[in-house]
Amino acid sequence: KSDPDKRRTDLPKRPQLPPVATGKQAEWLTLADQHRADVDAAWAADDFGRKWIDAMAATSPEGIYPLGVQPDDTLDFQVIRHIAQTRWAYAQLLMHDRRGDEAARVLLPMLRAHYNLQRGATTLLPQMIAVVVLKGTYQRLEMLADAGGLSPSVRSDVAVALREAPSLPSTFRNAFLGEQI
């Protein structure tokens, strides 16, 4: 549960890397590499986040559930952002090392997990969280595509994952109907 008056202090430490800005991708790769030990340690420590994303990616929602009905069923954006940024930073290290296929395999579960969040969530908050995570993941996949070096098999996997995106009309419909409820 998120408490806007308190910052989470129980999250594992990891370097604060800036968002990917257009034209700044090379700087981001260098910065991730400069903090390699911290990024590797954060990735290793984020067992919960890795398992959670993999489970969300593998499990399509069976229906919709309006979060926020019970006091303890809201998503904690700080935790989700931490998990996403840790995964993105690790993918950046793999990109820096020219291990594009592995980087894509780290990013693809993020897409699928947050597509599933969009499909099953019925309020604006989880929809917004999904959009933020998807945008960051798309940016890194774009960097991978621009760098080249993805095998045909992984390029195909990325294309399949991108086609799995939920439709915008259904996403907006769920969000607005959930808010109405």
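In case you missed it, the structure is sitting above this.
Residues numbered from 1 in each chain as written. Predicted model: local features only at pLDDT ≥ 70, side-chain atom pairs only at ≥ 80, totals over all residues. Heavy atoms only, no water.

(A) Spatial organisation of the overall build of the chain. Regarding its fold elements, the chain presents eight helices and zero strands. For the chain, the N- to C-terminal ordering of α and β elements is α-α-α-α-α-α-α-α. Within the chain, the proportion of its 181 residues that are buried is 42%. Expressed as a percentage of contacts within the chain between residues at least 6 apart in sequence, the contacts between residues at least 24 apart total 78%. As presented, the chain carries roughly 10,200 Å² of accessible surface, and 57% of it is formed by carbon and sulfur atoms. (Helix = DSSP H or I, 4+ residues; strand = E, 2+ residues; numbered from the N terminus. Buried < 20%, exposed > 50% of the residue type's maximum accessible area, 1.4 Å probe, protein only. Contact = heavy atoms within 4.5 Å. Areas by Shrake-Rupley, 256 points an atom, 1.4 Å probe, with all protein chains shown as cover.)

(B) View of the packing of helix α5 (residues 100-120) against helix α7 (residues 152-163). Contact pair α5 / α7: the axes reach a minimum separation of 10 Å and the direction vectors enclose 10°. Considered as vectors, α5 and α7 are oriented roughly parallel to each other. Considering how the two elements wind past one another, α5 and α7 form a crossing that is left-handed. In this structure, α5 contributes Asp101, Ala104, Arg105, Leu108, Leu111, Arg112 and Tyr115 to the contact, and α7 contributes Val154, Asp157, Val158, Val160, Ala161 and Leu162. (Axes fitted to C-alpha atoms, helices over the stretch in contact; angles between N-to-C directions. Parallel < 35°, antiparallel > 145°, perpendicular 65-115°, else oblique. Left-handed = near helix turned anticlockwise from the far one by under 90°.)

(C) Seen up close, the nonpolar core. Within the largest apolar cluster, 42 residues are counted, with the highest numbers of intra-cluster contacts made by Met95, Leu107, Leu111, Leu117 and Leu144. Counting only elements with at least two residues in this core, the list comes to α1 (25-34), α2 (36-45), α3 (47-58), α4 (77-96), α5, α6 (124-147) and α7. When residues of this core are assigned to their parent elements, the largest contribution, 11 residues, is made by α4. (Core = buried A, V, L, I, M, F, W, Y, C linked by side-chain atoms within 4.5 Å.)

(D) Fine view of the pattern of salt bridges. Scanning the entire structure with this criterion turns up seven salt bridges. The partner of Arg99 in a salt bridge is Asp97, with the nearest N and O atoms 3.9 Å apart. Here Arg99 falls in the partly exposed class, since its relative accessible area comes to 33%. The partner of Glu164 in a salt bridge is Arg112, and the shortest N-O contact between them spans 2.8 Å. In this pair, Glu164 is assigned in the loop between α7 and α8 (168-180) and Arg112 in helix α5, connecting sequence segments 52 residues apart. (Salt bridge = Lys/Arg side-chain N within 4 Å of Asp/Glu carboxyl O.)

(E) Layout of the packing of aromatic side chains. Counted according to the given criterion, the structure contains one aromatic pair. Residues Trp43 and Tyr90 carry aromatic rings whose centres are separated by 4.4 Å and whose planes lie at 0° to one another, so their mutual orientation is stacked. Of this pair, Trp43 sits in helix α2 while Tyr90 sits in helix α4, placing them 47 residues apart in sequence. Taken as a pair, Trp43 and Tyr90 share a single burial class, namely buried. For Arg50, the ring lying beneath its charged end belongs to Trp43, and the centroid distance is 5.2 Å. (Phe/Tyr/Trp six-rings, centres within 6.5 Å; stacked < 30°, edge-to-face > 60°. Lys NZ or Arg CZ within 6 Å of the ring centre and 35° of its normal.)

(F) Structural view of α3. The end-to-end C-alpha distance of α3 is 17 Å, a good match for the 16 Å that 12 residues give at a rise of 1.5 Å each. What α3 keeps buried is the set Gly49, Ile53, Met56 and Ala57. Down the axis of α3, the smallest arc covering the buried residues is 100°, so these residues share one side. Set apart from the buried face of α3 by more than 90 degrees, the exposed residues are Phe48, Lys51 and Ala58. (Expected span 1.5 Å × (residues − 1). Arc of directions from axis to C-beta.)

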